[in-house]
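# Inside the fold
Below are the chains, spelled out letter by letter.
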Amino acid sequence: MKRDFSLDILRGMMLLIMAADHFGEPIFQSLYEFAGYVSAAEGFVFLSGMLVALVYSRHQAKGAWVLEQKVWQRAGVIYFYHLVVLLAVFVFTVLTVLTHAYWKSFATEMQVEPLRALFSGMALMYQPPMLDILPMYVLLMLAAPLALRLMLYFKAVGIALVLLGSTLLWGFAHQGGWQLFLQQLPSAVLVRMGAFDYLAWQLIFVLGMVAGFVRFSRQGEAGSINKPLFFSALSLIILLFLLRHGYVKPASFIGGQWLVEYPHIARDNMGWLRLLNFLAFVYVIAGLINLHQRYSIFKPLRACGQWLGFLGQHSLQVFAFHLVVLYCYIPFRWGDWALTDNQKWLWLGLFLASLTLPAWLHARYQATKRQAISLPAKPAALSNIQLAH
């Protein structure tokens, strides 16, 4: 099945938004949840699940445990990048302490108990700020083959079972299930799980997997868009955008105050309204992609799309790189070495442009690797000619 470059573009877009968001002031205040009760993290996790189903479902035909091996190998690669970032943060944090620097690392617990934090981080239980997505992705990838097998073997019934199980876990998370699990961990483990309740956020990943599997079953063909549903989703997005930014007051209509209560829009355990807001975006974006395929409505943005798609194709490397850079940027955010707001805008532009570097390096590495694999065949052929003579 042909690779869908639009998914790479979307993933690159999510990366860019997250990187700018993590950069902090002066852009954070304007960028965070700008589109409503949603963030780029939801999109990144959803697309990751979608690509897992699109890429790995084809391995079922190879039999045995090939599908599981491929997915778990990818989980191993993600874990490796997590370790690289964690070690970089460890070195930065320890040097901060040893040099009595005026700044503090984001990894505050690591400053106090560096080795315990490091080993707990290696066990995925300690996640300093911004280091929470990759560990979640590792665990989701380890469980992904089960959901894929159910959908591949039982089709519609399998999809229903996967969605039911995932929704039940999401509901269990809202009853404190994730915190209950964390309380069972031994006291020797330093526990800090970041901004995401895994039992809740797995639903976003699974919904992405289901969308990817449906598309895989259709051999990559996108489904038709229901116009009433499209405009209903668009209306919901506009309403929630206006509510989020105070253009419409919750008290101005019946049920408005209840609607925006924190449990309904919570990010950590994926409140139901937040989930609905995100799904509305998924449907509208799918509709816009459908329109582009028919009428090329985004053709003027082709150059930007090519760059975002390039970032998206190497998302793991770009994501890991941006985390390391932002920890190294800490001394320049506050204190004696702090940049002015105007300087920060300049550095933000340079930082976002620098995301091209890890993507380019990884693309070069992949090209060299492919070339190395193809080279051994040539000496073998030459030796056969020499033997024939």
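Anything mentioned here points back to the structure above.
Throughout this description, residue numbers start from 1 for each chain and increase along the sequence as written. Given that this is a predicted model, residues contribute local features only at a pLDDT of at least 70 and side-chain atom pairs are listed and counted only at 80 or more, while totals for whole chains, interfaces and linings are drawn from all residues. For the side-chain quantities, the full set of heavy atoms in the structure was used; hydrogens and water were omitted.

### Focus on the pattern of salt bridges
A side chain of one charge can pair with a side chain of the opposite charge when the charged atoms of the two come close. By convention in these notes, a salt bridge is any Lys or Arg side-chain nitrogen within 4 Å of a carboxyl oxygen on Asp or Glu. Under the definition given, this model contains ten salt bridges. Linking Arg 274 and Glu 33 is a salt bridge whose minimum nitrogen-to-oxygen distance equals 2.8 Å. Of this pair, Arg 274 sits in helix α13 (residues 272-295) while Glu 33 sits in the loop between α2 (28-31) and α3 (40-56), and the two are 241 residues apart along the sequence. One exposure class covers both Arg 274 and Glu 33, and it is buried. For the salt bridge of Arg 149 with Glu 68, the shortest nitrogen-to-oxygen distance reads 2.8 Å. Residue Arg 149 is located in helix α7 (residues 133-173), and its partner Glu 68 is located in helix α4 (residues 66-98); the two are separated by 81 residues in the primary sequence. A 1.4 Å probe rolled over the protein chains alone gives each residue an accessible area, and that area as a share of the maximum for its type sets the label: buried under 20%, exposed over 50%, partly exposed in between. Look at Arg 149 and you get buried, because its relative accessible area is 11%. Sharing partners across several salt bridges, the network here consists of Glu 33, Glu 42, Arg 244 and Arg 274. Strands are runs of DSSP state E lasting at least 2 residues, helices are runs of H or I lasting at least 4, and numbering of each runs from the N terminus.

### Topic: the packing of helix α10 (residues 227-244) against α13
Here the axes come from fitting lines to C-alpha atoms, over the contacting stretch only for helices, and the angles between their N-to-C directions go from 0 to 180 degrees. Closest axis-to-axis distance for the α10/α13 pair is 9 Å, and the angle between their directions is 130°. The pairing of α10 with α13 is recorded here as oblique in orientation. When you trace α10 past α13, the crossing you get is left-handed. Here Leu 229, Phe 230, Ala 233, Leu 234, Leu 236, Ile 237 and Leu 240 of α10 lie close against α13, whose contacting residues are Leu 273, Leu 276, Asn 277, Ala 280, Phe 281, Tyr 283, Val 284, Gly 287 and Leu 288. For this classification, under 35 degrees means roughly parallel, over 145 means roughly antiparallel, 65 to 115 means roughly perpendicular, and everything else is oblique. By definition, any crossing whose near helix is turned counterclockwise from its far helix by less than a right angle is left-handed, and any crossing with a clockwise turn is right-handed. Contacts: residue pairs with any heavy atoms within 4.5 Å of one another.

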